[in-house]
Each structure stands twice: as structure tokens, then as C-alpha cells.
Amino acid sequence: MVAEKAGSSPSKTAGDRSPRQQEPLGHVKKSKQQVSDGFTVKAMMKNTVVRGPPLAGAFKERPTKPTAFRKFYERGDFPIALEHDTKGNKINWKVEIEKLDYHYYLPLFFDGLCEMTFPYDFFARQGIHDMLEHGGNKILPVIPELIIPIKNALSLRNRQVICVTLKVLQHLVVSADMVGEALVPYYRQILPVLNIFKNMNVNSGDGIDYSQQKRENIGDLIQETLEAFERCGGETASINIKYMIPTYQSCMLK
């Protein structure tokens, strides 16, 4: 017998060796995938996942900017005050509405459509409806000055602001004669945002949609506004609406 050398570790027996795990047949080792942008060299390589395009952000709300209406209100330039009534709040006009300079005040109140904080939003919206109700022949010459404030309010893409602006537009077209026809050349500034939100209806299934009673459903309000434009806009209104919103169906043919 040969003596074992001192300090040498004892030999491991065959039973002490751990069996080596064998991979099953047909098993392919997965390699790590890399993510890359489209139309690049990496996108053509193996084990590469192409990253999708970013969201267009058509429905994303835009940040609000300070309005001229707030500046003039805080400075005390408007002849208005808040009056509390049993039916709610209303505007107490310090002068007769018929005697106001509509070229000066009406565009400023329309600029306040972008406001979403009290009391600025209340004064702007209620003031517009009061001036449209008592304006008469003073409204038509001011139409070109109202387009930019209307466009700015719709461009915010805020659901609440859009609903309020649509109600104002419906009141505007019936406020005086020829106002609906005067708005036809400005459809290209007003209708693009309406085309985006036209099909945004609330699908409540069997539930009750209370937004219809409150008139806060954007899809229904847009349809009502377009029909009001067509009824009050003259012969060319339908063609111009169809040009900007191809899916619109004329209400005059029903």
C-alpha cells in the first residue's frame, strides 16, 4: 500500500460528486433583448425590440396662461360686482348692458373663457351670456375680434373649458342676425379641435349618464354646435363644416 502524502486532501469518492444538470434537448438559451428606435442600424439586429412611436398628444391638456380678463378684473376696470341670490350667484352690472362698449368689453370677456378658478370663470361666462342677450346689433361688428379668444379656449383641450365654450358658441350664433354667417370664414380656426373630440361620447352601458342632463357630454355638445352653425350659417355653412369635419352629416337633410 502506498501511504498518502501528508497535507494532501482526501480524494473525493464518486458518490460525493454533484451530478451536472444537463439542459433538455431542443432548449435554446435566451439572450437578452435590447430596445432601439425604429429605422436605425440596431433595429435590424437580432434580439432587438423596436420601440413604438411616441404619443401624439392630441387629447393632452395644454397649460393655461394668464389672461387679460383676470388682469383687468383685478385692476377694477369692469363695471361688475358679485350678487348673491336665492337662486345662486349672478352679476350685478353697475351700468346698463346696452350702453357698454362691445368692441372693448366683449373680447375681454371671451378671453376669460380660459379661466378655471372662481370668481374669474363665473364672471367671464355669465358676463358673456348677459352681453349676448342684450347686445343686439352691437355683436355682429365684434365677431372678428372674438375668434382668437375662442380659438385659445378650445386649444387648451380642457374638457370643462370646451363644454363652456361650445355653449357660448351656441348662444352666439342665435344672439343676432347674420352672426352665424359671419362665423363661416373662421371655421378653420374653430373646427379643428371639434373634429378631434367629436366622437368622445361617454359609453356607460346600461348605467345612467347624468352628463347628458347637465350638458357636459362633449360629443353631444359638438354635434349640437355644428347643427346650430349649419342652421344659422347660410347656404355655404354645410360645405365648410364638411370640409373641416368629414364625418359630419347634415341636419338639414334629415
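Our subject in this report is the structure included herewith. Think of each chain on its own: its residues are numbered from 1, step by step along the sequence as written. Whole-chain, interface and lining totals are the exception, using all residues; otherwise, since this is a predicted model, local features are given only for residues with pLDDT of at least 70 and side-chain atom pairs are given and counted only at 80 or more. Hydrogen atoms and water are omitted, and side-chain values are computed over all heavy atoms in the structure.

Attention now moves to the side chain of T48. Starting at the N terminus, helices and strands are each numbered in turn, a helix being any DSSP run of H or I of at least four residues and a strand any DSSP run of E of at least two. Assignment of secondary structure puts T48 in strand β2 (residues 48-50). Buried residues are those whose accessible area, probed at 1.4 Å on protein chains only, stays under 20% of the maximum for their type, while exposed residues exceed 50% and partly exposed ones sit between those limits. What makes T48 buried here is its relative accessible area of 17%. For T48, the side chain forms a polar contact with the main-chain oxygen of K42, separated by 3.2 Å. Residues adjacent in sequence count toward polar contacts only when both atoms are side-chain atoms; beyond that, a polar contact is any pair of N or O atoms within 3.5 Å, and within protein one must be able to donate a hydrogen and the other to accept it. Here M45 takes part through its backbone oxygen, which lies 3.3 Å from a polar atom of the side chain of T48. Those residues in contact with T48, other than ones at most four positions away along the chain, are Q34, S36, K42 and A43. Residue contacts are counted whenever heavy atoms from the two residues lie within 4.5 Å of one another.

What follows covers the packing of helix α3 (residues 120-135) against helix α5 (residues 159-173). Between N-to-C directions, angles span 0 to 180 degrees; the directions come from axes that are lines fitted to C-alpha atoms, helices contributing only their stretch in contact. Two elements in contact, α3 and α5, have axes whose closest approach is 10 Å; the angle formed by their N-to-C orientations is 5°. The angle between α3 and α5 falls in the class roughly parallel. For the pair α3 and α5, the contacting residues are R125, I128, H129, L132 and E133 in the first and Q160, V164, K167, V168, H171 and L172 in the second. When residue character is reported, Ala, Val, Leu, Ile, Met, Phe, Trp, Tyr, Cys and Pro are called nonpolar, Asp, Glu, Lys and Arg charged, and the others, Gly included, polar. Considered class by class, the residues forming the contact of α3 with α5 number five nonpolar, three polar and three charged. Relative orientations are named as follows: roughly parallel for angles under 35 degrees, roughly antiparallel for angles over 145 degrees, roughly perpendicular for angles from 65 to 115 degrees, and oblique for any other angle.

Turning our eyes to something else, we now look at the layout of surface pockets. A cavity here means a set of 1 Å grid points, computed over protein atoms only, where a 1.4 Å probe fits but cannot escape. A pocket is an open set with protein on both sides within 12 Å along at least 5 of 7 lines, and lining residues have an atom within 4 Å of a point. Grid points are joined across faces, edges and corners, and a volume is the space filled by probe spheres set on the points. Space inside the largest pocket adds up to approximately 170 Å³. Every residue along the wall of the largest pocket is listed here: P63, T64, K65, P66, T67, A68, D111, C114, N152 and L156. In terms of residue class, the lining of the largest pocket is made up of five nonpolar, three polar and two charged.

Right, let's get into the packing of α5 against helix α9 (residues 218-232). Axis separation between α5 and α9 bottoms out at 9 Å; the angle between their running directions is 20°. In terms of axis orientation, α5 runs roughly parallel to α9. At the point where α5 passes α9, the crossing takes the left-handed sense. Note on element contacts: α9 touches α5 through I218, L221, I222, E224, T225, A228, F229 and C232, opposite R159, I162, C163, L166, K167, L169, Q170 and V173. Residue composition of the contact of α5 with α9, grouped by class: eleven nonpolar, two polar and three charged. Note on convention: near helix rotated counterclockwise from far helix by under a right angle means a left-handed crossing. Clockwise means right-handed.

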